[in-house]
Amino acid sequence: MAARYYSPDDPESYLTPSRLKRLGRDKQAEYMVHWFNGLFWDPANDTPYNSREGGYQYIWGGPYNANDELREEFEGVASEEAIEAAIEEVESDGIYDWAPTSAHPDRKAGEEEAMADHYGSPPTLEDIRRRVENGVVPSFGDPLERQEREALRRELAELRALLAQDPPQHGGIGHNQPPQHLALTVELKIEATDVIDQMDAELIKGTPDVAAVVESAGRLQKILSWIGKKLDKSVDGFMGAIGTAGGVAVVGGVSAQLAGVPVGEKIAQVINSSLEWLNTVTLPL
């Protein structure tokens, strides 16, 4: 079950499962359809087709069934009537076998594995920067790029919401505060918010400035490095800790619920999503 379900009308607005449970049938169905469309789409969009092999080749996972996926995700949260309404709406175009979008965890895992096999390791920001300097022309507008761009914008919206909740501490980067009370400094909070604004301003353009997005992601890496040092945890450690339940980290053998940890892990997710999008738009032919 997801921790948040985003509004069909506002990419920065979301509901928790408990709040979704309190909605009426029609609104629950709207949120469920929006959730489904973010993770699944018509295989005709980008799934290879081979009539001699029986039709679509679901190389990234699937085919998925709306009834199965919606019930697995929302039973116990949404009413039976709302789930049935969402299934009916999803299948109203006559599609019953679905492929994963680039935001689906199964597809992400498959693409990361394929990329690692091809390149040896996932690209870094420096790799992307070199591609641009060597004359690679970014490509925008295909279904995968649009999906990854929207996924990145959602991550930015989540980070913005976390920063709004995070109680800032006073003092510069060198301020010595006990780990159990760690929070971002006012300066770093302003810096992170500025990065979000700049990156999102590029992503809403038809042809974003890739170099500007690389620079913004680099600034986020510096903020993540500061958090990692405060927690005695490397940037790579944060990247590997994405998804830690409840933002609980073990620092020096002590389990602590830290304001900086969920923010740090969300920053890591933004960096990862940035790399996925940047890799897609600058992938050499």
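What counts and what doesn't
Residues numbered from 1 in each chain as written. Predicted model: local features only at pLDDT ≥ 70, side-chain atom pairs only at ≥ 80, totals over all residues. Heavy atoms only, no water. Helix = DSSP H or I, 4+ residues; strand = E, 2+ residues; numbered from the N terminus. Buried < 20%, exposed > 50% of the residue type's maximum accessible area, 1.4 Å probe, protein only. Areas by Shrake-Rupley, 256 points an atom, 1.4 Å probe, with all protein chains shown as cover. Phe/Tyr/Trp six-rings, centres within 6.5 Å; stacked < 30°, edge-to-face > 60°. pLDDT = per-residue confidence, 0-100. Axes fitted to C-alpha atoms, helices over the stretch in contact; angles between N-to-C directions. Parallel < 35°, antiparallel > 145°, perpendicular 65-115°, else oblique. Left-handed = near helix turned anticlockwise from the far one by under 90°. Contact = heavy atoms within 4.5 Å. Nonpolar A, V, L, I, M, F, W, Y, C, P; charged D, E, K, R; others polar. Expected span 1.5 Å × (residues − 1). Arc of directions from axis to C-beta.

Here the focus is the overall build of the chain. Each helix and strand counted, the chain has eleven helices and eight strands in total. Across the 285 residues of the chain, 44% fall into the buried class. Accessible surface for the chain amounts to roughly 14300 Å². Of this, 50% is attributable to carbon and sulfur atoms.

What follows is about the packing of aromatic side chains. Applying the stated rule across the entire model yields ten aromatic pairs. In textbook terms, an aromatic cluster arises when at least three aromatic residues are bridged by ring pairs, as seen for Y5, W35, F36, F40, Y64, F74 and W98.

Between G62 and P63 the backbone carries a cis peptide bond, its omega angle lying at 0°. Note that P63 resides in the loop between β5 (55-56) and α3 (66-74).

Confidence along the chain averages 81 in pLDDT terms, with 78% of residues attaining 70 or more. Looking over the chain, one finds the lowest element-wise mean pLDDT in strand β8 (residues 254-257), namely 28, and the highest in helix α4 (residues 80-90), namely 97.

Let us look at the packing of helix α8 (residues 186-203) against helix α9 (residues 210-230). Close contact between α8 and α9 brings their axes to 9 Å; oriented N to C, the two are set at 155°. Of the possible angle classes, the one that applies to α8 and α9 is roughly antiparallel. Crossing hand, α8 versus α9: left-handed. Of α9, the residues touching α8 (which contributes L188, E191, A192, D194, V195, Q198, M199 and E202) are A212, V213, S216, A217, R219, L220, I223 and W226. Residues belonging to the contact of α8 with α9 are distributed by class as follows: ten nonpolar, two polar and four charged.

With 18 residues, α8 extends 26 Å between its outermost C-alpha atoms, agreeing within 8% with the 26 Å of an ideal straight helix rising 1.5 Å per residue. Considered for burial, the residues of α8 that qualify are L188, K189, A192, V195, I196, M199, D200, E202 and L203. For α8, the arc enclosing every buried residue in end-on projection is 155°, short of the 170-degree limit, so these residues lie on one face.

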